[in-house]
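Descriptive analysis of the structure
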Amino acid sequence: MNVDKLMLQLEQKHPGEVEYLQAVREVLESIEDIYNQNPQFEAAGIVERIVEPDRILTFKVPWVGDDGKVNVNLAYRVQFNNAIGPYKGGLRFHPSVNLSGLKFLGFEQIFKNSLTTLPMGGGKGGSDFDPKGKSDAEVMRFCQGFMMELWKFIGPETDVPAGDIGVGGREIGFLYGMYRKLARENTGILTGKGGNWGGSVIRPEATGFGNVYFAKEMLATKSETFEGKTVAISGFGNVSWGAALKATELGAKVVAISGPDGYIYDADGIAGEKIDYMLELRASNNDVVAPYAEKFPNAKFFAGQKPWNQKVDIALPCAIQNELNKEDAELLVKNGCICISEGANMPCTPEAIEVIQDNKLLYGPGKAANAGGVATSGLEMSQNSMKLNWSREEVDTKLHSIMCNIHEACVAYGKDATGHVDYVKGANIAGFLKVANAMIDQGVI
Ligand code: NAD
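These lines cover the structure that appears in this document, whether it is placed above or below. (Residues numbered from 1 in each chain as written. Predicted model: local features only at pLDDT ≥ 70, side-chain atom pairs only at ≥ 80, totals over all residues. Heavy atoms only, no water.)

1. Structural notes on unusual backbone geometry
The phi torsion at N322 lies on the positive side, around 55°, for a residue other than glycine. Among the structural elements, N322 can be located in the loop between β10 (314–317) and α12 (326–334). By relative accessible area, N322 is classed as partly exposed at 35%. We note that M346 has phi near 50°; this positive angle belongs to a residue other than glycine. Judged by relative accessible area, M346 falls into the buried class, the value being 9%. (Helix = DSSP H or I, 4+ residues; strand = E, 2+ residues; numbered from the N terminus. Buried < 20%, exposed > 50% of the residue type's maximum accessible area, 1.4 Å probe, protein only.)

2. With respect to the site of the ligand
In the neighbourhood of the ligand, 22 residues make up the surrounding shell, with D164, T207, R282, D287 and N345 lying closest. A distance of 3.2 Å is found between an oxygen atom of the ligand and a backbone nitrogen or oxygen belonging to G237. Within the side chain of N345, a nitrogen or oxygen atom sits 2.8 Å from an oxygen atom of the ligand. Contact with the protein chains hides 85% of the accessible area of the ligand, taken as 820 Å² for the molecule alone. For the shell around the ligand, the secondary-structure elements that each account for two or more residues are α8 (203–220), α9 (238–249) and β7 (253–259). (Near = heavy atom within 4 Å. Polar contact = N/O pair within 3.5 Å; in protein donor to acceptor, adjacent residues only side chain to side chain. Areas by Shrake-Rupley, 256 points an atom, 1.4 Å probe, with all protein chains shown as cover.)

3. Some words on the packing of aromatic side chains
In the structure shown here, the tally under the stated rule is 19 aromatic pairs. For the ring pair Y35 and F41, a centre distance of 5.5 Å and an interplane angle of 25° mean the geometry is stacked. Note on Y35: relative accessible area 2%, which makes it buried. Look at F41 and you get buried, because its relative accessible area is 1%. Residues Y277 and Y292 carry aromatic rings whose centres are separated by 6.4 Å and whose planes lie at 45° to one another, so their mutual orientation is tilted. Pair noted here: Y277 is in helix α10 (residues 273–283) and Y292 is in helix α11 (residues 291–295), with a separation of 15 residues, a long-range link. With respect to class, Y277 is no different from Y292; both count as buried. (Phe/Tyr/Trp six-rings, centres within 6.5 Å; stacked < 30°, edge-to-face > 60°.)

Keep in mind that these numbers describe shape and distance, not what the molecule does.
Laid out in structure tokens, this is it:
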């Protein structure tokens, strides 16, 4: 394999798909050596096959607003690779959704799901519909329209979508209701379901919990722990919430949390009722963190800024892609940050990653560090298949052990002669090998 040559061909085939091309290049560069040392991969055309989705479904979703007007949104499902299990990956409802973004997320999902050790392939989907500012009834009508088209192409052994940005418990409920009606069956067709109708405990907070478990393992390689450390987290969604809870439980102090409007700094720590208040702010659908500083006057609000300019020991970017750039990384390094663990998908830009890696910080890439969410989705699928519900302790113990295994796999393939671990390389190689070997076993299809 020659990465530059392959990338040139891909750029010609998919011009302008920036995020997708960026994600493919990162994986190919990590696996280049091991790929070329194993000629069976080249012989089976693994790379040429793995970089293209099995199929992409595109459909429109017409829906009627409360004002009686007809709206039309575009929707997609990218079924990327199912060599090791049913396609699995979230649905994102956000105005920024486009095919390049979903192809990037679906591609990443193949390797992330492989790392979890559970039998799940990679997929992703969504729509440019924006639930923000819509009434519950409008969101319901949109979700019903979305599922009326998608249901034909998914199934508990075929493709099992989950939530992502803009798709939380409410949306999963509306989607599941319509699927159940159309398919006339109660199966584990979506994950992130409500506790009373097939959902797993801990799923909402699993990604954040898992991210902190992963960071804990990284810290342990340097004989460090969360105890007494300061933490900055971006976003105040599902992932950030879980991360804030778990980091606090492990003895750290979360001092900064952000939203699209800026960030709040609270030297006393954001814990207990303060985290509950963040949840309230989120539920308000206004997407702002500013009111926190009015409610808790010891805190300070920094309008339009990112939390990465604060002095913290640990940074957990948990909001959105490309939200931590080179300058942010340089500030974190300058201020003595020792660990950056990605709760979001691709929150650090390639230039930021270069700075972080050059300075040998502990760096957990999203593919490994935020795999706890999909791992717990996999646990939800297992429970649905068995028609059983595990307890909070059982799910949390399994999640913890999966995150430790992912960390171990990254170390196995990412440790160099000096003992330094390149977690990006480790995660890419470990995730790739399992899928590539399955593809070889199953022939050219
Ligand atoms: P969410 O919609 O619940 O939360 C996203 C949060 O980010 C919101 O609070 C929003 O206000 C905030 N935000 C948006 N733009 C921002 C910006 N520019 N600066 C600061 N904050 C901003 O979504 P989520 O489920 O928490 O997902 C967050 C990220 O984690 C996404 O990249 C998603 O793909 C990834 N992820 C989520 C899961 C999961 O289980 N939910 C699993 C793996 C990865």
